[in-house]
Each structure stands twice: as structure tokens, then as C-alpha cells.
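Reading the structure
Here are the chains, one letter per residue:
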Amino acid sequence: MFTDISPLFVINNESGWYEGWMIHDLRVASVEPKPRADGHAQFGTILPSDAASLKALGTGANTPGRLFTQDGNPPHAPNAADHFPDKQTNLVSLYLSMGTYNSQQQGDTHPYWEFNYLGTNWVHPLYELPFTGGFPDDNGALDAFTDGEIGKLQSIVPGPGPAGVANRASAVGDDPNLPRDPDKFDGDADSQREFRQRGIPSGLAQEVFLDVYERLVSFEPGVTSLEKRLNDAYAAEVARVDQSGDGIISAVEGDVDTATDGFADNSRLFLPVTAFNRFAVTREINDGLLAPRFSPSQRAWVLSGNWVPISPAVPASAGRDSDDR
């Protein structure tokens, strides 16, 4: 994927850059009456009781297949008329980083990014969201800044988040003495592959959001704290894929060909590129967070827009890419 922006001002200050994001707006899942053995809805679905609960919200806009809205009213996408913090989108969105870049002085920028399961179709650890500055607290207030909570919890040492057991930095921190290149997703042997992944596959992140927002009956019924639901769902869904019990989905465990949670492979864990319907470019700083600044609000956005499908598709690369090493 190529992102061409003209003009884009160079960022001169320390540790600054722009970052591109593919955005997937959550949709109301299909209904599957048969639950898992533990009573939880099947992967990617909701139970009839969940669907009834969603239908009762607002004007009843949350029906299967439609864009999910937090208030049950028609979708309100981010737009220039919004005002932080009282007038914001009611959509729930997943942000997939397209990488960071800068530009020549007041010139064009032409970053290249490849969409694949080898670490790029993975999203930030969702438990960072309450500490970015745009996530509502249990009273619906966007007051992480005034409460001094921005950056309070980070994912530098990977793990299952606040609802799980924290890992030791000496065990899964950034070890300078690893006998391999750091951040190596693929390798000739599994021992060479990354085991300290901070993020999770995009489709698993969607599964977490289904627990939080749509499975109001089949997941932690009666729990209304958005942050608790998020933390509990993150730990629970990661545990279904994590086979070592450390709360981390390693490169081996998250490989598309690995069998987890009773499935023959992990293809379900990755959203296809066509599932993303919007994009944004944000102004980023090196704050240690992988989630976008002020996520999920549109604060710090430099530009944004909708994805426009082209039909018929335009041919791109074919055969083996030159960087297929």
C-alpha cells in the first residue's frame, strides 16, 4: 500500500512523526443460537439474548449487519462539526497502524506499507485505550487528561493487561542480549521468532470488542463498567489463543497456520483488507503507547476519509515480490 500526501510539513521536533491508520468500524454480529460449552457466544457471533438487548438500545438501530453504535441510534461518523468532548462519534472502531513516516520540508511523502499477517495485520493492545485521552470513563466522561491518567498504563512489557497477571520485564521485556534480531516475526526455526508481541491480530481485537459492546447478556451480564469489560474481555480472548499461558500471543501462536481454540488454523483472527472502511493520518509522538493519541476520538487527526473501492480492481504486484526473502 502506498500513501501519497502533498504537501505534508516535516516534523522537526524530537521523536515526532505522522502515522497512518486503517479503520474498521464494528458491525453488529450475526446471531448464532448455539453457544459455546461455557455459555459464551461462538466466535464472531452473538446470542439471541444479546441481539434483543442491543435492539432495545436507543432507536433500535443495532441490528445484525449494520454498523454498531454505542447509543443504539443511527451512525454518526466523525466529522468537522464534532466538538471534543461533548459531541463525538457513536461508532466503535479498530485502528490498524499503517506505520509512521515523515516528509521532506513542505513536500510530498510516499510511505510504503504491506498488509499481511506477519505482524502488520495486528492492532495495539486494547487495554491501552483508557489511557490515550479519548476513551470514556464509567460515567461517560472523557477526562483522562484532567484526571492525570494519560499514559498511566502502557504495554512496554507485554501481557494480558490489567485483568491478568503482569509479566516480569526480565522475562519478556526488551532484552538486548537475545541471540537473534529483535522483532523477528518469521524465521527458519520457531526459537528465532518473536515471543514478546505487544499487539494482537485484528480479528481477535474485534472479538474483544464484541464481548465489550455487543454481548451484553452472554459476557459478564450486569457489568456496566466499560473499562472492566474491556480489560476482562482482552484477557479472556487472548487466553483462548495463547498456548503458553503468559498472556502474550507470540509469533508462533498467532501464525495464520497455527491451530488454536478448536479451529484448524488462525485465519479467523485476521480481518481482510476489505473490512476496513475508513482511514486517518495522525500526528504522533513517542509516548510509548501503540494506540493512537486520544483514541478513539479524532483528536490529533491530520486528515481522514473513507475508503473507496475500485471496480474492477486495479492489478498490482503479481508473482513473487522482490522483497520476498
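Quick note: structure is the one above.
Overview of the structure. (Residues numbered from 1 in each chain as written. Predicted model: local features only at pLDDT ≥ 70, side-chain atom pairs only at ≥ 80, totals over all residues. Heavy atoms only, no water.)

Right, let's talk about the overall build of the chain for a bit. When helices and strands are tallied, the chain shows 4 helices and 10 strands. In the chain, the succession of helices and strands from N to C terminus is β-β-β-β-α-β-β-β-α-β-α-α-β-β. Here the C-alpha atoms of the chain give a radius of gyration of 20 Å, agreeing with the 20 Å that 2.2 N^0.38 yields for 325 residues. Dimensions of the chain along its principal axes, counting C-alpha atoms only, are 50 × 50 × 50 Å. Summarising the internal contacts of the chain: among those between residues at least 6 apart in sequence, 66% fall at separations of at least 24. For the chain, the accessible area works out to roughly 16,200 Å², and carbon and sulfur atoms hold 53% of it. Between the averaged position of the 24 positive side-chain charges in the chain and that of its 45 negative side-chain charges there is a distance of 3 Å. (Helix = DSSP H or I, 4+ residues; strand = E, 2+ residues; numbered from the N terminus. Rg over C-alpha atoms; globule rule 2.2 N^0.38 Å. Contact = heavy atoms within 4.5 Å. Areas by Shrake-Rupley, 256 points an atom, 1.4 Å probe, with all protein chains shown as cover. Lys, Arg positive; Asp, Glu negative; His and termini not counted. Charge placed at Lys NZ, Arg CZ, Asp CG, Glu CD.)

A few words now on the pairing of strand E2 (residues 16-25). Within a regular strand, the side chains alternate between the two sheet faces. A large share of E2 lies buried, amounting to 9 of its 10 residues. With 8 bridges joining them, E2 and strand E9 (residues 278-285) adopt antiparallel strand pairing. Along E9, the bridge assignment pairs glutamate 19 with threonine 282. Note: E2 against strand E5 (residues 93-101), 7 bridges, orientation antiparallel. Among the inter-strand pairings, tyrosine 18 is bridged to a residue of E5, identified as tyrosine 101. (Buried < 20%, exposed > 50% of the residue type's maximum accessible area, 1.4 Å probe, protein only. Pairing = 2+ DSSP bridges.)

Within the largest apolar cluster, 45 residues are counted, with the highest numbers of intra-cluster contacts made by Leu126, Ile200, Phe209, Tyr213 and Leu230. Only helix H1 (48-55), E5, strand E7 (122-123), helix H3 (202-214) and helix H4 (226-241) provide two or more residues apiece to this core. Here this core takes 7 residues from H3, the largest share from any one element. In terms of nonpolar packing, the next biggest core, distinct from the first, is built from 6 residues, Ile5, Leu8, Ile11 and Tyr101 among them. (Core = buried A, V, L, I, M, F, W, Y, C linked by side-chain atoms within 4.5 Å.)

We now examine the pattern of salt bridges. For the coordinates displayed, the defined rule picks out 13 salt bridges. Between aspartate 190 and arginine 193 there is a salt bridge, with its nearest N and O atoms 3.7 Å apart. Between lysine 228 and aspartate 232 there is a salt bridge, and its shortest N-O distance comes to 2.9 Å. Separated by 4 residues within a single helix, lysine 228 and aspartate 232 lie in helix H4, roughly one turn from each other. Residues joined in a network through salt bridges with shared partners are Asp186, Asp190, Arg193 and Asp255. (Salt bridge = Lys/Arg side-chain N within 4 Å of Asp/Glu carboxyl O.)

Time to look at a nonpolar patch on the surface. A contiguous nonpolar patch, built from Val308, Ile310 and Val314 and spanning about 330 Å² of accessible area, is present on the exposed surface. With respect to the helices, strands and loops of the structure, isoleucine 310 is situated in the segment after strand E10 (301-306). (Patch = residues over 30% accessible without salt bridge, like charges linked within 9 Å, V, L, I, M, F, W, Y side chains within 5 Å.)

This part takes up the packing of H3 against H4. In contact at an axis separation of 8 Å, H3 and H4 are set at 140° when each is read in the N-to-C sense. Between H3 and H4, the angle is such that the two are oblique. As H3 runs across H4, the sense of the crossing is right-handed. Contacts from Leu204, Glu207, Val208, Phe209, Asp211, Val212 and Tyr213 in H3 reach Leu226, Arg229, Leu230, Ala233, Tyr234, Glu237, Val238 and Val241 in H4. Looking at side-chain class alone, the contact of H3 with H4 contains 11 nonpolar, no polar and 4 charged residues. (Axes fitted to C-alpha atoms, helices over the stretch in contact; angles between N-to-C directions. Parallel < 35°, antiparallel > 145°, perpendicular 65-115°, else oblique. Left-handed = near helix turned anticlockwise from the far one by under 90°. Nonpolar A, V, L, I, M, F, W, Y, C, P; charged D, E, K, R; others polar.)

One pass over the structure, following the stated rule, counts 12 aromatic pairs. Between phenylalanine 43 and phenylalanine 263, the ring centres sit 6.1 Å apart and the planes meet at 70°, which makes this aromatic pair edge-to-face. Of this pair, phenylalanine 43 sits in the loop between strand E3 (30-31) and strand E4 (45-46) while phenylalanine 263 sits in the loop between H4 and E9, and the two are 220 residues apart along the sequence. Owing to a relative accessible area of 33%, phenylalanine 263 belongs among the partly exposed residues under this scheme. With centroids separated by 5.9 Å and ring planes inclined at 55°, the aromatic side chains of phenylalanine 68 and tyrosine 213 adopt a geometry described as tilted. In this pair, phenylalanine 68 sits in the loop between H1 and E5 while tyrosine 213 sits in helix H3, placing the two residues 145 residues apart along the sequence. Assessed through its relative accessible area of 11%, tyrosine 213 is described here as buried. Taking NZ or CZ as reference, arginine 196 lies 5.9 Å from the ring centre of phenylalanine 195, over its face. Arginine 268 extends its terminal NZ or CZ atom over the ring of phenylalanine 43, reaching a point 5.5 Å from the ring centre. (Phe/Tyr/Trp six-rings, centres within 6.5 Å; stacked < 30°, edge-to-face > 60°. Lys NZ or Arg CZ within 6 Å of the ring centre and 35° of its normal.)

Moving on, we come to the side chain of asparagine 116. Assignment of secondary structure puts asparagine 116 in the loop between strand E6 (107-109) and E7. Within polar-contact distance, the side chain of asparagine 116 engages the side chain of glutamate 114 at 3.3 Å. (Polar contact = N/O pair within 3.5 Å; in protein donor to acceptor, adjacent residues only side chain to side chain.)

What follows deals with the environment of aspartate 261. Relative to the helices and strands, aspartate 261 resides in the loop between H4 and E9. Spatially, the C-alpha atoms of aspartate 261 and glutamine 243 are 9.3 Å apart, while their sequence positions differ by 18 residues. With sequence-adjacent residues up to four places away left out, aspartate 261 is seen in contact with Arg36, Arg240 and Arg268.

This part is about H3. Taking 1.5 Å per residue, 13 residues should reach 18 Å; H3 reaches 17 Å between its end C-alpha atoms and fits that length. With 13 of 13 residues buried, H3 is to be regarded as a mostly interior element. (Expected span 1.5 Å × (residues − 1).)

Purely geometric stuff here, so don't read any function into it on its own.
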